[in-house]
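# A structural walkthrough
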Amino acid sequence: MSLAGLADQHFNARRLLTATTGARLSRLWSRSVDPDDIFRSWRATIPEAVEVVAEGQERAASDGQNYMDAALMQAGMGPAGVAVNPVGFSGFTYPTRNAPPRPLEESLEFPAFTALDGRRRGASSSRSMASGLDSLVTIGGSSVADAGRAADGAIAAADQRITGYVRQVEANACSRCIILAGRRYRSSEGFSRHPNCLCEHVPIISGQGSPPIQDSYELFNDLSEADQDRIFTKDGAQAIRDGADIYQVVNARRGMSTTAGGSLITESGAGHRRGRARGYAQRQMDRHGISGPRMMPEEIYKRANGNQRLIREQLERYGYIVPDARRSGVEGDPDPQYRRDSDGGINPQLSGWYGAAASRPSYGMNDYL
């Protein structure tokens, strides 16, 4: 089986594990939680819920070992030189930022608080219970996926034959993950993710070159127009279809805000530092004499009122249309954020909505191996 086939099989196994964990937790919640005594009834069930999630985490870590072994053997090498201890990846939830891991027992209390908060805010009993269940399934599934990714990353960091990895995303991923498709990481780096994220590692093996690279625009174009609108917002997706750079459109939402007059603006890519423009968008705005805030695509479309010439002009003036941004590895790209290396991988420290690649939490290697 090819490396691409192994990666797809690994993704499907992890998705099945997260779905199975979520289904088991759903049954526990429905069977055990008393809507009139939410916290006490759920608290008595948490030990069983911990066992369910920990089991999923261990299986995900074991699958990570099998995946990395198979990838190395597919390249004509022996299996990974290290063996992970699946138990070392279970029993806690993984932080999404620089925060310490939290025991599962503590994290699994949150669904009860979510349900109680709904009741406090006046939601119906059924709606409050549903919000608690949604929180539970998200925590459980994300913890399982994170454990699998941590196992993949631990092996990549410990085996010198794996020199890095490429981020692979699911076809129907969120916009912020789609723009990270194909991003290359060093083997010692972990990547940021969100709850329910199923992005995975595809290892770069010494002497083998880069694995198959996903392209953000191809993923976008493979979506139906309805899915494009759902994932990227209606006006954001339309801007991309009208020629705007997918990275500029998605990253603009990081600094989005609404003015007192109701206009949608963004700080992303705009502003000056020590008298110099902070990004490509601000340089474009300076060239066109724009001194006000950077408008969001939604605001541009609203003000243009269907005038296609004006839409195109404003998308260019506010730095959403980037010349040659859709061509990989070309000379003269206006911003190094958009350059790919010779193998097609996006430069890790310069790409993506998260900025510099995030470090994996500093757990001791002995906890994993």
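In the block above lies the structure referred to throughout.
Definitions and cut-offs
Residues numbered from 1 in each chain as written. Predicted model: local features only at pLDDT ≥ 70, side-chain atom pairs only at ≥ 80, totals over all residues. Heavy atoms only, no water. Core = buried A, V, L, I, M, F, W, Y, C linked by side-chain atoms within 4.5 Å. Buried < 20%, exposed > 50% of the residue type's maximum accessible area, 1.4 Å probe, protein only. Helix = DSSP H or I, 4+ residues; strand = E, 2+ residues; numbered from the N terminus. Contact = heavy atoms within 4.5 Å. Pairing = 2+ DSSP bridges. Axes fitted to C-alpha atoms, helices over the stretch in contact; angles between N-to-C directions. Parallel < 35°, antiparallel > 145°, perpendicular 65-115°, else oblique. Left-handed = near helix turned anticlockwise from the far one by under 90°. Phe/Tyr/Trp six-rings, centres within 6.5 Å; stacked < 30°, edge-to-face > 60°. Lys NZ or Arg CZ within 6 Å of the ring centre and 35° of its normal.

## Topic: the nonpolar core
Core analysis: the biggest nonpolar cluster contains 36 residues, and V169, I178, F232, I246, L315, Y318 and Y320 have the highest contact counts within it. Elements with a contribution of two residues or more to this core: α7 (175-178), α8 (216-222), α9 (225-232), α10 (234-241), α11 (246-251), α13 (297-304) and α14 (308-317). Ranked by residue count, the leading element in this core is α11, at 4 residues. Look past the residues within four positions of Y318 in its chain and what remains in contact with it is A281, M285, I290, P293, R294, M295 and I300. In this structure, A61, L72, F89 and A154 belong to the second largest nonpolar core, which totals 24 residues.

## Observations concerning the sheet that holds strand β10 (residues 294-295)
Adjacent strands of a sheet pair through backbone hydrogen bonds, lying either parallel or antiparallel. As summarised here, the arrangement of the 3 strands in space is β6-β7-β10, forming an open sheet in which the pairing is antiparallel. In the strand order of this sheet, the two ends are held by β6 (256-258) and β10, each with one partner. Pairing between strand β7 (residues 264-266) and β10: 2 bridges, direction antiparallel. Bridge assignment links T266 to a residue of β10, and that residue is R294.

## Details of the pairing of strand β3 (residues 162-168)
With 6 of 7 residues buried, β3 is to be regarded as a mostly interior element. Looking at chain direction, β3 and strand β4 (residues 184-186) are connected through 3 bridges and run antiparallel. Following the sheet pairing, G164 is matched in β4 by R186.

## Quick notes on the environment of L3
Looking at where L3 falls in the secondary structure, it is placed in helix α1 (residues 3-32). Look at L3 and you get buried, because its relative accessible area is 13%. A sequence separation of 72 residues divides L3 from A75, and the C-alpha atoms of the two residues are 8.4 Å apart. The residues contacting L3, other than those within four sequence positions of it, are A71, Q74, V202, P203 and P211.

## A closer look at the packing of helix α3 (residues 46-74) against helix α6 (residues 125-158)
For the pair α3 and α6, the least separation of the axes is 8 Å and the interaxial angle reads 30°. Judged by the angle between their axes, α3 and α6 are roughly parallel. The interaxial crossing formed by α3 with α6 has right-handed handedness. Contact with α3, carried on its side by V53, G56, Q57, A60, A61, G64, Q65, Y67 and M68, involves G140, S143, V144, A147, G148, A151, D152 and I155 of α6 and no other residues of that element.

## Here we look at α13
Counting along an α-helix, one turn takes 3.6 residues, and residues three or four places apart therefore face a common direction. Counting buried residues along α13, 6 of its 8 residues qualify, which places the element largely inside the surrounding structure. After α13 finishes, the residue N305 shows a positive phi value of roughly 55°.

## Overview of the packing of aromatic side chains
In total, this model carries 5 aromatic pairs according to the counting rule given. Seen in terms of ring centroids, F92 and Y94 are 4.9 Å apart; in terms of plane orientation they differ by 45°. Their pairing is tilted. On the basis of relative accessibility, which here comes to 15%, the residue F92 falls in the buried class. Residue class for Y94 comes out buried when judged on its relative accessible area of 9%. Arranged with centres 5.1 Å apart and planes meeting at 10°, the rings of Y165 and Y185 form a pair that is stacked. Note that Y165 is positioned in strand β3 and Y185 in strand β4, a separation of 20 residues in sequence. The pair formed by Y165 and Y185 is uniform in burial state, with each residue classed as buried. Above the plane of the ring of Y320 lies R294, whose end atom (NZ or CZ) is 4.1 Å from the centre.

Function cannot be read off these values alone, since they describe shape.
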